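Here's the letter readout for the chains.
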Amino acid sequence: MYLSIVVPVYNSEKTINRTLDSILAQDYEDYEILIVNDGSTDGTLDIAKDYSCKDSRIKVYTVRNRGPAQARNMGIELAKGDYLLFIDGDDILTQNALNYLTDRLTERKTDLLIFGFTIADENLEPLQDYKLPDNYYSDYKTLGNALPTLYQSNLLNQVWNKAYRLDWIINKNIRFKDYWYAEDRLFVFEAIRHAKNIQVAKCSCY
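Residue numbers restart at each chain and count upward from 1, following the sequence in its written direction. The predicted origin of the model limits local features to residues at a pLDDT of at least 70 and limits the giving and counting of side-chain atom pairs to 80 or more, whereas totals for whole chains, interfaces and linings rest on all residues. Remark: hydrogens and water are excluded; side-chain values derive from all non-hydrogen atoms of the structure.

A. Just helix 1 (residues 16–24), in detail. Think of it in three bands: residues with accessible area under 20% of the maximum for their type are buried, residues over 50% are exposed, and the middle band is partly exposed, with areas taken using a 1.4 Å probe on protein chains only. What counts as a helix is a DSSP run of H or I of at least four residues, what counts as a strand is a run of E of at least two, and both are numbered from the N terminus. Taken together, the buried positions of helix 1 are Ile16, Thr19, Leu20, Ser22 and Ile23. Angularly, the buried residues of helix 1 cover 155° about the axis, an arc narrow enough to put them on a single face. Here, two residues are considered to be in contact whenever any of their heavy atoms come within 4.5 Å of each other. On its buried side, helix 1 packs onto strand 1 (3–9), strand 2 (31–38) and helix 2 (44–54). Along the arc lie the directions from the helix axis toward the C-beta atoms.

Right, here's the structure in full:
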């Protein structure tokens, strides 16, 4: 299974190393990293290019500053994977996250996989976990019944604690609205509206 990992960045020179290192440290290696530089004015682009020179899986693109929505949309258009993930340039994957997620996706093909995440401080000390037990929703009734719990557990507002089947995202023309705030929530709700099946994985992978 080939993954496309989209990393939109803007003036992320202080954090992008840690983000990319967390991906490159994964045991699972069948992926591409698409860094979309959203017109950074600091050293972000130089750092990203340095990583791309050292690892052919990393590709760097630069666009004029228009916000994360357009940067992520560009990543979607460029992606070639079976599944799509988004990682912000100041966040990290937990150890063995990609192995865990691809195992789940191999066991049961799904349009959308939702997984847990941890809020941590600057030293990566955990402050709060958000996750739910494993589950699978294959019809609108069971998903509809589960939506309040998913929402109240803070698992629906973010774009980055999910894996999306790429051909489904393309075919349904699911894209980010051209907003600077809450664009990720709108994208997730649009994805849920079109999803025929959704998995929930209890792992805090992000």
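Let's pick the thread back up.
B. View of the environment of Pro8. Secondary-structure assignment places Pro8 in strand 1. Assessed through its relative accessible area of 10%, Pro8 is described here as buried. In the structure, Pro8 is positioned 129 residues away from Tyr137 in sequence and 30 Å away in space, judged by C-alpha atoms. If we ignore the near neighbours within four places in the chain, the residues touching Pro8 are Val36, Ala71, Arg72, Ile87, Asp88 and Gly89.

C. Examining the packing of helix 3 (residues 68–78) against helix 7 (residues 183–194) more closely. With their axes 10 Å apart at the nearest point, helix 3 and helix 7 run at an angle of 45° to one another. The pairing of helix 3 with helix 7 is recorded here as oblique in orientation. Across the interface between the two elements, Pro68, Ala69, Arg72 and Ile76 of helix 3 pack against Glu183, Asp184 and Phe187 of helix 7. Axes here mean lines fitted to C-alpha atoms, for a helix over just the part in contact, with angles spanning 0 to 180 degrees between N-to-C directions. Each angle receives one of four descriptions, namely roughly parallel if under 35 degrees, roughly antiparallel if over 145, roughly perpendicular if within 65 to 115, and oblique otherwise.

D. Here's a closer look at helix 2. Among all positions of helix 2, only Thr44, Ile47, Ala48 and Tyr51 are buried. Viewed end-on, helix 2 has its buried residues packed into an arc of 100°, placing them on one side of the element. Set apart from the buried face of helix 2 by more than 90 degrees, the exposed residues are Asp46 and Cys53. Buried residues along helix 2 sit in contact with strand 1, helix 1, strand 2 and strand 3 (58–63).

E. Expanded view of the packing of helix 1 against helix 2. Viewed as axis vectors pointing N to C, helix 1 and helix 2 meet at an angle of 20°, and their least axial separation amounts to 10 Å. Comparing the axis directions of helix 1 and helix 2 gives the class roughly parallel. Crossing of helix 1 against helix 2: the hand is right-handed. In this structure, helix 1 uses Ile16, Asn17, Leu20, Asp21 and Leu24 to contact helix 2, whose residues at the interface are Thr44, Ile47, Ala48 and Tyr51. Charged residues are taken to be Asp, Glu, Lys and Arg, nonpolar residues to be Ala, Val, Leu, Ile, Met, Phe, Trp, Tyr, Cys and Pro, and polar residues to be all remaining types, Gly included. In the contact of helix 1 with helix 2, the residues fall into 6 nonpolar, 2 polar and 1 charged. Handedness of each helix crossing follows the sense of rotation of the near helix against the far helix: counterclockwise by less than a right angle gives left-handed, clockwise gives right-handed.

F. Representation of the pattern of salt bridges within the structure. Take a side-chain nitrogen of Lys or Arg and a carboxyl oxygen of Asp or Glu: if they are within 4 Å of each other, that pair is a salt bridge. As enumerated under the stated definition, the model contains 11 salt bridges in all. For Lys59, the salt bridge is made with Glu32, and the minimal N-O distance between the two is 3.6 Å. In this pair, Lys59 is assigned in strand 3 and Glu32 in strand 2, connecting sequence segments 27 residues apart. Taking the shortest distance from any N to any O, the salt bridge between Arg72 and Asp88 comes out at 3.2 Å. Taken together, the residues Arg72 in helix 3 and Asp88 in the loop between strand 4 (83–86) and helix 4 (97–107) connect sequence positions 16 residues apart. Three or more residues are tied together by salt bridges with common partners; here these are Arg72, Asp88 and Glu183.

G. Spatial organisation of the packing of aromatic side chains. Whether two aromatic rings pair depends on their centres lying within 6.5 Å, for rings of Phe, Tyr and Trp, where Trp uses its six-membered ring; planes under 30 degrees apart make the pair stacked, over 60 edge-to-face, and the rest tilted. In this structure the tally under the stated criterion is 8 aromatic pairs. A ring pair is formed by Phe117 and Tyr130, whose centres lie 5.0 Å apart and whose planes are at 25°; its orientation type is stacked. Linking Phe117 in strand 5 (residues 112–120) with Tyr130 in strand 6 (residues 126–130), this pair joins segments that are 13 residues apart in sequence. On the numbers, 4.9 Å between centres and 90° between planes, the contact of Phe117 with Trp160 is edge-to-face. Here Phe117, found in strand 5, pairs with Trp160, found in the loop between helix 5 (140–152) and strand 8 (162–165); they are 43 residues apart in sequence, far enough to count as distant. Under the relative-accessibility criterion, Trp160 is labelled buried at 13%. Taken together through their ring pairs, the aromatic side chains of Phe86, Tyr164, Phe176 and Phe187 make up a single cluster.

So, to be careful, I would describe these as geometric facts and stop short of saying anything about function.
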